[in-house]
Each structure stands twice: as structure tokens, then as C-alpha cells.
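Here are the chains, one letter per residue:
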Amino acid sequence: MNYYAVRLPILDEEKSQVYREEHLNYLSALADQGNIFTYGRFTDGSGGLVIYKAKDLEEATSLAKKDPYVTSGARDFVINEWAMNTDVLSG
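Residues numbered from 1 in each chain as written. Predicted model: local features only at pLDDT ≥ 70, side-chain atom pairs only at ≥ 80, totals over all residues. Heavy atoms only, no water.

1. Section: the sheet that holds strand β3 (residues 47-54)
Taken together, four strands build an open sheet; the order of strands is β2-β3-β1-β4 and the sheet is antiparallel. Looking at strand neighbours, the two that pair on one side only are β2 (36-41) and β4 (78-82), the edges of this open sheet. Neighbouring strand axes in the sheet, compared pairwise and without regard to direction, differ in orientation by 15° on average. Sheet analysis places strand β1 (residues 2-9) next to β3, joined by eight bridges and oriented antiparallel. If you follow Val6 over to β3, its bridge partner there is Val50. Helix-sheet contacts for helix α3 (residues 57-65) involve β1, β3 and β4, and the interaxial angle to β3 is about 140°. (Pairing = 2+ DSSP bridges. Helix = DSSP H or I, 4+ residues; strand = E, 2+ residues; numbered from the N terminus. Axes fitted to C-alpha atoms, helices over the stretch in contact; angles between N-to-C directions. Contact = heavy atoms within 4.5 Å.)

As C-alpha cells, then:
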């Protein structure tokens, strides 16, 4: 499995509030299936980040496009493959 970082910038604040529960339920279901590494919101209120686990970019893009935030037009998404650094940082 590969990791894909998906940034979800807000397009519509009202829709983001309306679809929040559906979005979180969607992520929870994907986590149960092993397709979510982690997720969270940006503290500046600009959106959030989901790190998907998927076999390839096509699968990760498909998962991101099905997010209720995206399908409703509440959020856009930007996706990049992410290489997790497993080295221990010092200092």
C-alpha cells in the first residue's frame, strides 16, 4: 500500500458544516477497511488533511472523490503521493 495526502480546502463554509457528519462517517468506514492512515483539520480553519492508504493514485483519487465534502461541493481536493519518513529525527 502507498500513502496519499489529500488536502481538502474549504469552498463553502455552510456546506462544510452540513456535510461534516457524513464526511466523518465516510472516513470512519474507510478506516475500518484499512484505507485511512490519519486525518485532521487545519487549525487556521482553511480545511483539512486525509492521508489515504491505497494501491495506487487512481484508487486514492477515487476514494477522495467519493468523500461527501467533495461530492457536495463543500470542499475541493488536492492529492499527492506521500513517502512517509521512517528515519528518527534528532535535535
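On we go from here.
2. Observations concerning the environment of Asn80
By the element assignment, Asn80 lies in strand β4. For Asn80, a relative accessible area of 46% puts it in the partly exposed group. Setting aside residues no more than four positions away along its own chain, Asn80 makes contact with Tyr3, Tyr4 and Ala5. (Buried < 20%, exposed > 50% of the residue type's maximum accessible area, 1.4 Å probe, protein only.)

3. Some points on the side chain of Asp67
Within the element layout of this structure, Asp67 appears in the loop between α3 and α4 (68-71). For the buried Asp67, which has no salt bridge, the nearest side chain bearing the opposite charge is Arg75, at an N-O separation of 7.7 Å. Ignoring anything within four residues of it in the chain, the contact list for Asp67 reads Leu8, His23, Tyr26, Leu27 and Tyr52. (Lys, Arg positive; Asp, Glu negative; His and termini not counted. Salt bridge = Lys/Arg side-chain N within 4 Å of Asp/Glu carboxyl O.)

4. Some remarks on α3
Along α3, the residues classified as buried are Ala60, Thr61, Leu63 and Ala64. Projection of α3 onto a plane perpendicular to its axis shows the buried side chains occupying an angular sector of 160°, all on one side. Looking at the buried positions of α3, the neighbouring elements they touch are β1, α2 (20-32), β3, α4 and β4. You can read the cap of α3 off the contacts: a side-chain oxygen lies 3.3 Å from the backbone nitrogen of Glu58, and it is on Asp56. (Arc of directions from axis to C-beta. Polar contact = N/O pair within 3.5 Å; in protein donor to acceptor, adjacent residues only side chain to side chain.)

Geometric descriptors of this kind do not, in isolation, establish any biological role.
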